[in-house]
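Listed here are the chains, written in short residue letters.
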Number of protein chains: 2
Amino acid sequence: MPEPSPSDLSRRGLLGLAAAGGVGAVAGLAAGAAAVSAADGGGGSASARRYDFYGRHQAGITTPAQDRLHFAAFDMSADASRDDLAALLADWTEAAARMTQGLEVGESGAVGGSPYAPPEDTGEALGLPASGLTLTFGFGPTLFETADGVDRFGIADRRPPALEPLPRFTGDALVPEKSGGDLCVQACADDPQVAVHAIRNLSRIAFGRASLRWSQLGFGRTSSTSTSQTTPRNLFGFKDGTANIKAEEPDAVAEHVWVSADDGPGWLAGGSYLVARRIRMIIESWDRVQLAEQEDLVGRTKGEGGPMSGGGEFTELDLTATTPDGAPAIADDAHVRLAHPDVNGGIRLLRRGYNFVDGNDELGRLDAGLFFLSFQRDPARFVAVQRSLARDGLNEYLRHVGSAVFAVPPGVQAGASIGDGLLG
Amino acid sequence: MPEPSPSDLSRRGLLGLAAAGGVGAVAGLAAGAAAVSAADGGGGSASARRYDFYGRHQAGITTPAQDRLHFAAFDMSADASRDDLAALLADWTEAAARMTQGLEVGESGAVGGSPYAPPEDTGEALGLPASGLTLTFGFGPTLFETADGVDRFGIADRRPPALEPLPRFTGDALVPEKSGGDLCVQACADDPQVAVHAIRNLSRIAFGRASLRWSQLGFGRTSSTSTSQTTPRNLFGFKDGTANIKAEEPDAVAEHVWVSADDGPGWLAGGSYLVARRIRMIIESWDRVQLAEQEDLVGRTKGEGGPMSGGGEFTELDLTATTPDGAPAIADDAHVRLAHPDVNGGIRLLRRGYNFVDGNDELGRLDAGLFFLSFQRDPARFVAVQRSLARDGLNEYLRHVGSAVFAVPPGVQAGASIGDGLLG
Ligand code: HEM
Ligand code: HEM
């Protein structure tokens, strides 16, 4: 398969402009799996890491979780037609294929066009490398809904039966303005400027057809999705992602993440479902909890992250172990017990959440927490785990304020649009 | 001067705990200038870069601008006494001296204390290196104000005459909840988790004595403060920081940044004044402006960032140059003309701002912009430049929504508190 030379793609902007033959060049790239095609092996925020946009699955799911996130949910305009939706998804695909390769939006980019036209690209990522950018698109339940009896986009009958708004959970304190959405885009990158640039340009492309409903920045990943990554910490100070599904477990990924042809609908095979929950942490209260109690609530130690039943970070939980005085070593209301596959009929989720801090509230408390993202084969799997967590001791320190679910279509081959399966 | 071995300080947490003799060890560190003492030369977000906390000036001003910011403004509690203020500043100093060296707050940290007490450190930076963290403290005008005729902290007569709330500027649309503050802390680091950890722990230490008034995350720097740095871009897509004062210009720094002994008051000599402006960008409108017009409004090209009067990025502006048809090459209302020292009596500011995106508003527009920070010898210098910018063509695309000014005390030597000059 022809690969553009690194210099074509390692920098966007002036270099990219000079070298790239526009979308054609990108479309020729990597029609295979959306697997890693790192231009270099390096990490860090100035990374030239680069992932294929095209492939059997969308990138940004099993891709090793990048450090930074900009997530956006969009609503279609009231007067948008099926053609508008198809054109939007085609335009988004084209722009995403370019941006994930470190190229600018549009062939003329930020500075190569007519001086008497607004630039095609907004320019703030000029000179930055691809930075491991992935863009992952999803369709919300409302996209399939009829409005005033009209099937807006003619897709009501293509709705996956599993794609229902999530039910209400105990303790939910949801804010409608941070929930739902017809469409979503998850932008993950090693450099936040690259993730922000992508969402901003996709939102600009959507102008008149769809508009931002809500968006969320995540400054640091709270999960590993690859055994090559060290486990990061959430804002409770605990390692998060230890028992996550890792890309290196293809059987688990196939079993728990991808929608199969049998699951239906056909257009979603090879896709997944994305759940997003904006979970505010009451960190000021948490910070007053004694260490032993914090560890009991989580079910793991704070330092190494090993199970309270003993062992190191990657030792399996022993849910039956007891302390010398006969109490369960992993408490009955411990988070990891209630989230564990053994008490949830074997269900595993692929978690891909991010820490956030969005200023503070009127009481001077940081508006901080975990922007929980998980990918699973069926949203019912998330629902089962979240229901099990109704008894979670952590809940006293949590408020779920945002919620959304999306069907994530499979990846596409060069030349196709992420909307083709749904609309084709 | 005895330097702990790199292994003592290169990782916080378990290693740091085992090796460091607590605050004493840190206090022994680097009583010299707050200059760079990078533990390694590396950049990137996993950087082990480490800056001295102690020195003649506070770090975080001429320090090469780190990639990420968490800025916080605090108000003293209504019933706080002078002793409370002194104790808070002493506690903050001690914690800052540790955290900037990659150590945890408190000798026992997140996991080394009694299981039956809340941990001293909140833990989310366990395992992360110092990441170039700097913590810079400032005092707002309200700290010196009398409340109901009472001189709360007995410092009314120590107020620097120059430390007045900023005047109202043309076009200001200030929100009180994002403005002002008795105290501020600027946390800059290569890793946002490290900056967030610092503000969170300082805010926790303040509990009962002071509380967060407002806070701001910046995801990417918009200025270079060192010739060793490449110039980043703001969210208008332009290079920002080109003509900034650089650390490598000691005469300019002395002339424009540090308060001299003659300027008074004595306790502020070697300090500076910090201005913070939260400037919202109306990026959706900006994105519809044609390239030539964008460049005219800024006064520089979008690609390379060279002056409209010709030349490359670092060519001096020629404010007298004209185009073939006789118009000024750098427009009369161009930002760089109106901000230039030549039209402002020679004034230069040391800019240290950050890009921000805080979700979006009800209209689906990104709440994005520039969190402008500048350090100068006298706030009147900022006022002069900002007044000159009243005619700035960029204003149509800007809203100043937050504003604050702080007196930034000089650095301190090991064993002293950043409050000593003011309260001593
Ligand atoms: C802010 C809220 C949450 C926090 C602080 C939190 C924290 C943690 C921590 C520290 C672990 C142990 C390390 C690991 O294996 O990753 C963990 C595991 C886990 N969490 Fe959460 N979590 C939160 C929300 C959720 C939610 C909403 C779900 C799904 C409904 C969930 C599902 C899981 C699962 C499935 C595991 C792995 C359990 C196992 O197999 O051992 N978590 N979480
Ligand atoms: C969001 C608002 C702003 C934007 C987008 C912006 C953008 C820029 C840009 C692109 C440059 C040229 C590159 C450089 O030399 O750094 C510049 C220069 C400059 N700006 Fe701003 N700026 C903003 C606000 C301000 C404010 C509020 C001030 C101070 C009151 C200011 C003071 C300066 C100064 C002093 C220069 C250097 C001028 C020279 O000596 O050539 N800017 N700005």
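The structure presented is a predicted model; accordingly, all values stated were derived computationally and were not measured. In every chain, residue numbers begin from 1 and rise along the written sequence. In the order they appear in the text, chains get letters beginning with A and ligands get numbers beginning with 1. A pLDDT threshold of at least 70 governs which residues receive local features in this predicted model, and a stricter bar of 80 or more applies before side-chain atom pairs are shown or counted, although totals over entire chains, interfaces and linings include all residues. Derived side-chain values reflect all non-hydrogen atoms in the structure, with water molecules and hydrogen atoms excluded from consideration.

Student: Can you help me understand the overall build of chain A in this one?
Tutor: Broken down by element type, chain A carries 11 helices and 10 strands. Buried residues in chain A amount to 60% of all 424 residues. Every residue pair with non-hydrogen atoms within 4.5 Å of one another is taken to be in contact. Excluding contacts between residues fewer than 6 apart, the proportion of contacts in chain A whose partners are at least 24 apart in sequence is 75%. Only the protein chains shown count as covering a residue, and every accessible area follows the Shrake-Rupley method with a 1.4 Å probe. Accessible area of chain A: about 14,700 Å², with a carbon and sulfur share of 52%. Think of it this way: any DSSP run of H or I at least four residues long counts as a helix, any run of E at least two long counts as a strand, and we number them from the N terminus. For the exposure calls, accessible area comes from a 1.4 Å probe over protein chains only, and a residue counts as buried if that area is under 20% of its type's maximum, exposed if over 50%, partly exposed in between.

Student: Got a minute to help me understand the site of ligand 1 in this structure?
Tutor: Residue and element names in this part refer to chain A. One heavy atom within 4 Å of a molecule or strand is enough for the residue carrying it to be called near that molecule or strand. Around ligand 1, 27 residues are found, and the nearest of them are Gly241, Thr242, Ala243, His335 and Arg351. Note that an oxygen atom of ligand 1 is positioned 2.5 Å from one of the backbone N or O atoms of glycine 241. A distance of 2.9 Å is found between an oxygen atom of ligand 1 and a side-chain nitrogen or oxygen belonging to arginine 351. Among the elements of the structure, strand E6 (272-281), helix H9 (335-339), strand E9 (366-376) and helix H10 (379-388) are those that each provide at least two residues to the shell around ligand 1. Within 3.5 Å is the distance limit for a polar contact, defined as a pair of N or O atoms, with the added protein rule that one can donate a hydrogen and the other accept it, and that residues adjacent in sequence qualify only through two side-chain atoms.

Student: Where do I start with the interface of chain A and chain B in this structure?
Tutor: The figure often quoted for interface size is the accessible area lost as the parts come together. Across the contact, 51 residues belong to chain A and 51 residues belong to chain B. Each of two parts loses accessible area, computed with a 1.4 Å probe, when they are put together; buried area is these two losses added. Interface area, chain A with chain B, both sides summed: about 4,400 Å², of which 58% is carbon and sulfur. The three residues of chain A that bury the most area against chain B are Arg200, Asp287 and Leu291 of chain A, which together make up 14% of that side's buried surface. Throughout this description, the term salt bridge denotes a Lys or Arg side-chain nitrogen within 4 Å of a carboxyl oxygen of Asp or Glu. On the surface where chain A and chain B come into contact, there are two salt bridges.

Student: Just to check I follow, could you spell out the relation of the copies chain A and chain B for this structure?
Tutor: The second copy of the chain is related to the first by a rotation about an axis and a shift along the axis. Note on the identical chains: chain A maps onto chain B by a rotation of 180° and an axial translation of 0.0 Å, with an RMSD of 0.0 Å. Both copies of the chain, as the preceding transformation shows, are related through a two-fold rotation axis. Residue by residue, 100% of the interface of chain A is reproduced at the interface of chain B, so both copies engage with the same surface. When the copies are superposed, the least-squares fit takes in the C-alpha atoms of residues with a pLDDT of at least 70 in both.

Student: For this particular structure, what's the right way to read the coordination of the iron atom of ligand 1?
Tutor: Metal coordination angles have textbook ideals: 109.5 degrees for a tetrahedral set of four donors and 90 or 180 degrees for an octahedral set of six. Among protein atoms, the single one acting as a donor to the iron atom of ligand 1 is His335 of chain A (NE2), 2.0 Å away. Residue position: histidine 335 of chain A is located in helix H9. Sites may look incomplete, because water is not among the atoms used; the donor set itself consists of N, O and S atoms within 2.8 Å of the metal (3.2 Å for Na, K and Ca).

Student: Looking at this model, I keep getting lost on the site of ligand 2. Mind explaining?
Tutor: Residues and elements named next belong to chain B. By nearness alone, 27 residues border ligand 2, and Gly241, Thr242, Ala243, His335 and Arg351 come closest of all. Side-chain polar atom of histidine 335 to a nitrogen atom of ligand 2: 2.8 Å apart, as the coordinates give it. Contact distances for ligand 2 include 2.9 Å between an oxygen atom and a side-chain N or O atom of arginine 351. Put simply, Ala, Val, Leu, Ile, Met, Phe, Trp, Tyr, Cys and Pro go in the nonpolar bin, Asp, Glu, Lys and Arg in the charged bin, and everything else, Gly too, in the polar bin. Residue composition of the shell around ligand 2, by class: 17 nonpolar, six polar and four charged.

Student: Just checking my understanding: could you explain the side chain of glutamate 104 of chain A for this structure?
Tutor: Residue and element names in this part refer to chain A. As for its placement among the helices and strands, glutamate 104 is situated in the loop between helix H4 (82-99) and strand E2 (134-139). Despite its burial, glutamate 104 pairs with no opposite charge; the closest candidate is arginine 98, at 6.3 Å N-O. Of note is the side chain of glutamate 104, whose polar atom sits 2.8 Å from the backbone nitrogen of alanine 110. In this charge count, Lys and Arg are treated as positive and Asp and Glu as negative; neither His nor the chain ends contribute.

Student: Can you walk me through unusual backbone geometry in this structure?
Tutor: Only a minority of non-glycine residues have a phi that is not negative, and only a minority of peptide bonds are not trans. Residues and elements named next belong to chain A. Cis geometry marks the peptide bond from glycine 264 to proline 265, where omega comes out at -10°. By the secondary structure assignment, proline 265 is in the loop between helix H6 (250-256) and E6. Phi is positive for serine 131, close to 60°, though the residue is something other than glycine. Here serine 131 lies in the loop between H4 and E2.

Student: Looking at this structure, I do not really get the packing of H4 of chain A against helix H5 (residues 192-205) of chain A. What am I missing?
Tutor: The angle between the axes and the distance between the axes are what describe a pair of packed helices. Residues and elements named next belong to chain A. Running from N to C, H4 and H5 cross one another at 155°; their axes reach a closest spacing of 10 Å. Between H4 and H5, the crossing angle belongs to the class labelled roughly antiparallel. Crossing of H4 against H5: the hand is right-handed. Side by side, H4 and H5 meet where Leu88, Asp91, Trp92, Ala95 and Met99 of the first sit next to His197, Ala198, Asn201, Leu202 and Ile205 of the second. Its residues placed into classes, the contact of H4 with H5 shows seven nonpolar, two polar and one charged. For helices, the fitted axis covers only the stretch in contact; all axes are lines through C-alpha atoms, and the angles between them, taken along N-to-C directions, range from 0 to 180 degrees. For this classification, under 35 degrees means roughly parallel, over 145 means roughly antiparallel, 65 to 115 means roughly perpendicular, and everything else is oblique. Each crossing gets its handedness from the near helix: less than a right angle anticlockwise from the far helix is left-handed, clockwise is right-handed.

Student: Please explain a negative patch on the surface as it appears in this structure.
Tutor: Like-charged residues are merged into a patch within 9 Å and nonpolar side chains (Val, Leu, Ile, Met, Phe, Trp, Tyr) within 5 Å, provided each residue has over 30% relative accessible area and no salt bridge. Taken as the charge location is NZ of Lys, CZ of Arg, CG of Asp or CD of Glu. Where like charges cluster on the molecular surface, the negative patch consists of Glu293, Asp296, Asp332, Asp333 and Glu396 of chain A. Along the chain, aspartate 296 of chain A falls in helix H8 (residues 291-298).

Student: What should I look at first to understand the UniProt feature "domain: Dyp-type peroxidase C-terminal" (unreviewed entry) in chain A in this one?
Tutor: In the UniProt entry, the feature "domain: Dyp-type peroxidase C-terminal" (unreviewed entry) is given for residues 231-412 of chain A. Between the first and last C-alpha atoms of residues 231-412 of chain A the distance is 31 Å; the span itself is 19% helix and 23% strand. UniProt positions are given in the numbering used here, feature names are shortened, and annotations may be inferred rather than shown by experiment.

Student: What exactly am I supposed to notice about the pattern of salt bridges here?
Tutor: Note that side chains of opposite charge can pair when their charged atoms are close. By the definition in use, this model includes 40 salt bridges over all chains. Aspartate 172 of chain B is the salt-bridge partner of arginine 277 of chain B, the closest N and O atoms lying 2.8 Å from each other. Residue arginine 277 of chain B is found in strand E6 (residues 272-281), and its partner aspartate 172 of chain B is found in the loop between strand E2 (134-139) and strand E3 (183-189); the two are separated by 105 residues along the sequence. Judged by relative accessible area, arginine 277 of chain B falls into the buried class, the value being 0%. The buried category is assigned to aspartate 172 of chain B, whose relative accessible area is 8%. Residues aspartate 367 of chain B and arginine 278 of chain B are paired through a salt bridge, measuring 3.2 Å at the closest nitrogen-oxygen approach. One end of the pair, aspartate 367 of chain B, is in strand E9 (residues 366-376); the other, arginine 278 of chain B, is in strand E6, and 89 residues separate them in sequence. For the pair aspartate 367 of chain B and arginine 278 of chain B, one class covers both residues: buried. One continuous salt-bridge network, built from bridges that share partners, spans Arg278, Arg280, Asp358, Asp361, Arg365 and Asp367 of chain A.

Student: Is there a simple way to think about the UniProt feature "domain: Dyp-type peroxidase N-terminal" (unreviewed entry) in chain A in this case?
Tutor: Cross-referencing UniProt, the feature "domain: Dyp-type peroxidase N-terminal" (unreviewed entry) maps to residues 58-219 of chain A in the present numbering. Within the segment residues 58-219 of chain A, helix and strand shares are 20% and 19% respectively, and the terminal C-alpha atoms sit 22 Å apart.

Student: Please clarify how H5 of chain A should be interpreted in this entry.
Tutor: Residues three or four positions apart in an α-helix share a direction because the helix packs 3.6 residues into each turn. Helix span, expected: 1.5 Å multiplied by one less than the number of residues in the helix. Across its 14 residues, H5 of chain A extends 20 Å between first and last C-alpha, which sits within 8% of the 20 Å expected from 1.5 Å per residue. Most of H5 of chain A sits out of view: 13 of its 14 residues are buried.

Student: I'm lost on the pairing of strand E8 (residues 354-360) of chain B in this one. Help?
Tutor: Side-chain direction in a regular strand flips from residue to residue, so the side chains alternate between the two faces of the sheet. Residues and elements named next belong to chain B. E8 sits mainly inside the fold: six of its seven residues count as buried. Paired strands are those between which DSSP finds at least two bridges. Two strands pair when backbone bridges link them, and strand E5 (residues 220-221) and E8 are joined in this way by two bridges, in the antiparallel orientation. Bridge pairing in E8 links glycine 220 to asparagine 355. Pairing geometry for E8 and E9, over five bridges, is antiparallel. Counterpart to phenylalanine 356 in the pairing with E9 is glycine 369. Counting the residues in the hairpin turn of E8 and E9 gives five residues, including glycine 364, whose phi is positive at 80°.

Student: Quick question: what am I supposed to make of the environment of arginine 280 of chain B here?
Tutor: Residues and elements named next belong to chain B. Mapped onto the elements of the fold, arginine 280 is located in strand E6. We classify arginine 280 as buried; its relative accessible area is 12%. Residues arginine 280 and alanine 261 lie 19 residues apart in sequence; the distance between their C-alpha atoms is 37 Å. With residues near it in sequence (within four places) discarded, arginine 280 still touches Phe356, Asp361, Arg365, Leu366, Asp367, Ala368, Gly369, Tyr397, Leu398, Arg399 and Val401.

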